[in-house]
Amino acid sequence: MSSDIRVRFAPSPTGYLHIGGARTALFNWLFARHHGGKLVLRVEDTDQARNTEEAAAAIYDGLKWLGLDWDEGPEAGGDFGPYFQSERHEIYERHLKKLQDGGHTFEDNGAVRFRSPREHVVVDDLVCGQIDFDLTNPETHPDMTVRRPDGSWIFHFVNVVDDIEMKISHVIRGEDHLSNTPKHIELYRALGATPPRFAHIALIHNKDGSKMSKRDQGASVDYYIKRGYLAPAVRNYLCLLGWSPKDNREKLPIEEIVRIFDLKNVVRSNATFDPAKLHWLNGEYAREVGEVEFNSMGLAALKAAGVKWEEYPEEYVRAALQTCQGKINTFDELPAYGGFYFTDDIVFNPEGVAQHFTAENRPRLEAVRGAFAALESFSAAAIETTLKASAGNLGVKVGALVHPTRLAVTGSNAGPSLYHLLEVLGKEKVLARIDRALSLFS
RNA sequence: GACCCUAUCGUCCAGUGGCCUAGGACACCGCCCUUUCACGGCGGCGACACGGGUUCGAAUCCCGUUAGGGUCGCCA
């Protein structure tokens, strides 16, 4: 399906993809994909920063990770390039000439400024509705500069020129640009162009209500990549920030969101980023990913935490990780959750020790050890049967044996299914760990 | 300060004049399930910022106030 709909994401190369920018890119992407239009990626590097390519690469990485592919732009090419503003001087020059020829500019200390027509401008925003701006007063709405004395360009101008040249039909961007829009519209008109449709989406805030900025933890997409979040989960969560399917569904496949996405359903008020909800959503996705993906994500997280799983047999590693799936929400929780599989140097939880390594429990753990030692097949089923039989013999609840045993073998009060974890660990290791734990009893 | 946007549970969303004693999700708290922790199930806590209108009837419409956010750059 072809369409004249063309949208763009136009970040400046800051070296990382801001979560708010990601959401803006996402909404542009959804809009483009929904309508069968095109998404253009344009790098706004008018400042001609040194390492533009490198800094921009970080943004590509973030977009790619989120699965937001662009149809035109860096790495993709296209008929409306170049896609770096620093390479578009001639184009800006041409439009400036047009502006000057039309008598829309004046010089001010070497800078070129655009003379506002001084009228009311109505912005008909797809999200915010019709807004009437009164630009008649130069005191409150000064004429904007278009070009500096040193020849470099001002954002507003190049932004508008590029959108004209790239035939952008819809500008979907952050609400922080809403107040600038009437000025942009004046520029479009002075350049003889029809303004695109605008859609300003509300900003994303921190818990304390402040605008999310680079300083804030979790403000960069990279943060979630490093912490082992799943891209579909982060993307799904971002969709929910300012948009909803209107039927109370929270977890939706991206294909479904593309299908039903509509700017009409975009909320007008600011949203607060809620890490807890993302954490939950990620867990929902982590529970349903395939074994292969779960394990590879898990191994990456273990490696990042310095856990040396490479020294263990492949089958052991695979089985160990599988006992953890369904239990953790994000992969950065894995080292603490299942790290005991990959070291014999168990660190015991102090509260657990005080609670379970008691004089009363000593003979119980010894009994468990004895029963395990006598086991032919060290399978989860056999272990369970044995442990329950031991509890029966001792006249105690199963829990009275489970807790000390778990603590002795893993050092923790919580973890994967005890029976399965013991099976994975194997008889030899289990007995050795119980012996060591026994020596720690008060 | 001027201009603009916004205003429903702590948070994210439903709700567009009567179906609302306001619904869902996250978080939190109970109970159940259970070898732990999770998951899951059940239940609880919890909001229409305030004041005026309009209307037979307002969370929903209008005005004002307050609050939050944004923009007013030779930053992007």
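Here, every reference points to the structure presented above.
What counts as what
- Residues numbered from 1 in each chain as written.
- Chains lettered and ligands numbered in written order.
- Predicted model: local features only at pLDDT ≥ 70, side-chain atom pairs only at ≥ 80, totals over all residues.
- Heavy atoms only, no water.
- Salt bridge = Lys/Arg side-chain N within 4 Å of Asp/Glu carboxyl O.
- Helix = DSSP H or I, 4+ residues; strand = E, 2+ residues; numbered from the N terminus.
- Buried < 20%, exposed > 50% of the residue type's maximum accessible area, 1.4 Å probe, protein only.
- Near = heavy atom within 4 Å.
- Polar contact = N/O pair within 3.5 Å; in protein donor to acceptor, adjacent residues only side chain to side chain.
- Nonpolar A, V, L, I, M, F, W, Y, C, P; charged D, E, K, R; others polar.
- Phe/Tyr/Trp six-rings, centres within 6.5 Å; stacked < 30°, edge-to-face > 60°.
- Expected span 1.5 Å × (residues − 1).
- Arc of directions from axis to C-beta.

### Observations concerning the pattern of salt bridges
Applying the stated criterion across every chain yields a total of 31 salt bridges. Glu-384 is the partner of Lys-388 in a salt bridge, and the nearest nitrogen-oxygen pair spans 2.6 Å. In this pair, Lys-388 and Glu-384 both sit in helix α15 (residues 380-394), 4 residues apart, roughly one turn of the helix. For Lys-388, a relative accessible area of 40% translates into the label partly exposed. By relative accessible area, Glu-384 is classed as partly exposed at 29%.

### A word on the protein's contact with RNA strand B
Taken together, 62 residues sit near RNA strand B, with Arg-148, Lys-246, Lys-327, Asn-413 and Gly-415 positioned nearest. In RNA strand B, atoms within 4 Å of the protein come from the sugar-phosphate backbone in 71% of cases. Within the side chain of Lys-327, a nitrogen or oxygen atom sits 2.6 Å from a base nitrogen of RNA strand B. Take Arg-406: an N or O atom from its side chain is 3.1 Å from a base nitrogen of RNA strand B. Every element with two or more residues in the surface near RNA strand B is listed here: β4 (111-114), β6 (129-134), α4 (155-165), β11 (271-272), α9 (275-288), α16 (398-410) and α17 (418-425). Here the surface near RNA strand B is composed, by residue class, of 22 nonpolar, 22 polar and 18 charged.

### Quick look at the packing of aromatic side chains
Within the structure shown, the criterion is met by 19 aromatic pairs. For the pair Tyr-316 and Tyr-341, a centre-to-centre distance of 6.2 Å together with 90° between the ring planes defines the contact as edge-to-face. In this pair, Tyr-316 is assigned in helix α11 (residues 314-322) and Tyr-341 in the loop between α12 (334-338) and α13 (350-356), connecting sequence segments 25 residues apart. Classification of Tyr-316 as buried rests on a relative accessible area of 11%.

### Considering unusual backbone geometry
A cis geometry characterises the amide bond from Gly-81 onward to Pro-82, with omega recorded as -5°. Relative to the elements of secondary structure, Pro-82 occurs in the loop between α2 (52-65) and α3 (89-101). A positive phi angle, close to 60°, is found at Arg-118, a residue other than glycine. On the secondary structure map, Arg-118 appears in the loop between β4 and β5 (120-125). Despite not being glycine, Lys-246 shows a phi value in the positive range, around 70°. Considering the arrangement of structural elements, one finds Lys-246 in the loop between α7 (231-240) and α8 (254-260). Judged by its relative accessible area of 55%, Lys-246 is exposed.

### Quick look at α2
Taking 1.5 Å of rise per residue, 14 residues should cover 20 Å, and α2 covers 20 Å from first to last C-alpha, within 8% of that figure. Within the span of α2, buried status applies to Thr-52, Ala-55, Ala-56, Ile-59, Tyr-60, Gly-62 and Leu-63. Projection of α2 onto a plane perpendicular to its axis shows the buried side chains occupying an angular sector of 160°, all on one side. Opposite its buried face, α2 presents the exposed residues Glu-53 and Glu-54, each directed more than 90 degrees away. With its phi angle positive at about 80°, Gly-67 sits one or two positions after the end of α2.

Purely geometric numbers; function is a separate question.
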